[in-house]
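Spelled out from the first residue to the last, the chains are:
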Amino acid sequence: MKVNILLAAYNGERFIEEQIASIQAQTFSDWTLLVRDDGSSDQTRALVQQLAKKDSRIRLIDDDSQENLGVIKSFHRLMTYEEADYYFFSDQDDIWVPEKVALCLEAAQGYALDHPLLVYTDLKVVNQDLEVLSESMIRSQSGHPNTQLIQELTENTVTGGTMMISNSLARYWKQTEGILMHDWYLALLASSLGHLIYLDQPTELYRQHDANVLGARTLTKRIQHWIRPHRLVQKYWALITNSQKQAEPLLDLPLPEDKYELVQAYLTLLDGSLLARYKRLKHFGFRKNRAFHTLVFWTLVVTKFGYRS
């Protein structure tokens, strides 16, 4: 069994050594860590090169390239660089608990290697000094984990740094344009074509700090949105329309009939009369993970308040 861990790095000199050390401390040790530097201007590249000299399992790819691709394309290049049975995705500033890789691989053993599969877990949110801010990101932010396509179409609960995918799922990731985030898109593929599995156990410390490219939803971020309601409405509409665009390529895949119908309904969510939109929402049960957000989602779709096509 070949296991590749993919790490897309960008200006990560503050924490990347600590993260790689947590990977080296995994109870399952037969892995290859592929690191791609996405055009860093700090010492990230040099640090990884030093670590690679000491541990043959660590490899810096695209060594002659300083091209900045962004996180989605960088992870896609890492995944397609070398084939493996399973792929793990790692951020540069988190900490993995020692059993993380073993737990995810154990969960996959009930499925054939040719089965599209994504396994993900809960995580603890910590500050830059690893002091716990939240014991469970899933419970504090989403309320519950998503495991079904109808849930993932409207909202993602998969954090990339906790997930593992099978080779058979990886083969379906063929595009990088129009994707909101790689973890969300891979979760859509898994819930459409195979299984999206959640392990109710934190397997990483998700470090929240001032240099996060993406981060956990904090109270400060929420307040900033609520004091500017027009921007909040714009944000909701951007999420709805961009998630539709993200789901569109699913129709080109060999989906079961019921899932094809579900995706088609989501793509046409804004079509027709007010009554037609309401009936579509009600028939398919499109919703968000929390009741308030579902209310906002339904209200916007039915009324098209603030919508700009």
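No experiment lies behind these values; they were computed from the predicted model shown.

The rules behind these values
- Residues numbered from 1 in each chain as written.
- Predicted model: local features only at pLDDT ≥ 70, side-chain atom pairs only at ≥ 80, totals over all residues.
- Heavy atoms only, no water.
- Helix = DSSP H or I, 4+ residues; strand = E, 2+ residues; numbered from the N terminus.
- Contact = heavy atoms within 4.5 Å.
- Buried < 20%, exposed > 50% of the residue type's maximum accessible area, 1.4 Å probe, protein only.
- Pairing = 2+ DSSP bridges.
- Polar contact = N/O pair within 3.5 Å; in protein donor to acceptor, adjacent residues only side chain to side chain.
- Axes fitted to C-alpha atoms, helices over the stretch in contact; angles between N-to-C directions.
- Parallel < 35°, antiparallel > 145°, perpendicular 65-115°, else oblique.
- Left-handed = near helix turned anticlockwise from the far one by under 90°.
- Nonpolar A, V, L, I, M, F, W, Y, C, P; charged D, E, K, R; others polar.
- Right-handed = clockwise from strand over helix to strand, strands pointing away.

**Q** Where do I start with the side chain of Q246 in this structure?
**A** In this structure, Q246 sits in helix α10 (residues 229-247). Residue contacts for Q246: discarding those within four places in its chain leaves G178, I179, L180, M181, W184, Y185 and L188.

**Q** Explain the environment of W237 to me, please; I cannot follow it from the model alone.
**A** Summarising the element assignment, W237 is placed in helix α10. Owing to a relative accessible area of 5%, W237 belongs among the buried residues under this scheme. Spatially, the C-alpha atom of W237 lies 9.0 Å from that of F297, the residues being 60 residues apart in sequence.

**Q** Help me understand unusual backbone geometry, please; the structure alone is not making it clear to me.
**A** Glycine aside, a negative phi is what most residues show, and trans is what most peptide bonds show. Although it is not a glycine, N11 sits at a positive phi angle of roughly 45°. Among the structural elements, N11 can be located in the loop between β1 (3-9) and α1 (16-24).

**Q** Help me understand the pairing of strand β6 (residues 117-126), please; the structure alone is not making it clear to me.
**A** Here is the key point about a regular strand: its side chains alternate between the two faces of the sheet. With respect to burial, β6 is a largely interior element, nine of its 10 residues being buried. Bridge count between β6 and strand β9 (residues 195-207): nine bridges; the pairing is parallel. The residue bridging L118 from the neighbouring strand is L196, located in β9. Where β6 lies against strand β8 (residues 164-166), two bridges are found, and the strand directions are antiparallel.

**Q** Sorry, what's going on with the side chain of N289 here?
**A** Counting through the fold element by element, N289 comes out in the loop between α12 (274-284) and α13 (291-303). Separated by 3.2 Å, the side chain of N289 and the backbone oxygen of H144 make a polar contact. Residues contacting N289, with those up to four places away along its chain left out, are S142, H144, N146, E155 and T157.

**Q** Honestly, the packing of α1 against helix α2 (residues 44-54) in this entry has me stumped. Any pointers?
**A** What describes two packed helices is the angle between their axes and the distance between those same axes. Look at α1 against α2: their axes get within 10 Å of each other, and the N-to-C directions meet at 30°. Comparing the axis directions of α1 and α2 gives the class roughly parallel. Classified by chirality, the crossing of α2 by α1 is right-handed. Of the residues in α2, those in contact with I16, E17 and I20 of α1 are T44, L47, V48 and L51. For the contact of α1 with α2, a count of residues per class yields five nonpolar, one polar and one charged.

**Q** Honestly, the pairing of strand β2 (residues 32-37) in this entry has me stumped. Any pointers?
**A** Taking burial as the measure, the six residues of β2 include six buried ones, the bulk of the element. The alternating pattern of β2 places T32, L34 and R36 and L33, V35 and D37 on opposite faces, both of which are buried. In this sheet, β2 lies alongside β1 in parallel orientation, the contact comprising six bridges. Within the sheet, the bridge partner assigned to I5 lies in β2 and is L33. Remark: the β1/α1/β2 crossover connection has right-handed handedness. Bridging between β2 and strand β3 (residues 58-61) involves four bridges; their strand directions are parallel.

The values are spatial; any link to function lies outside them.
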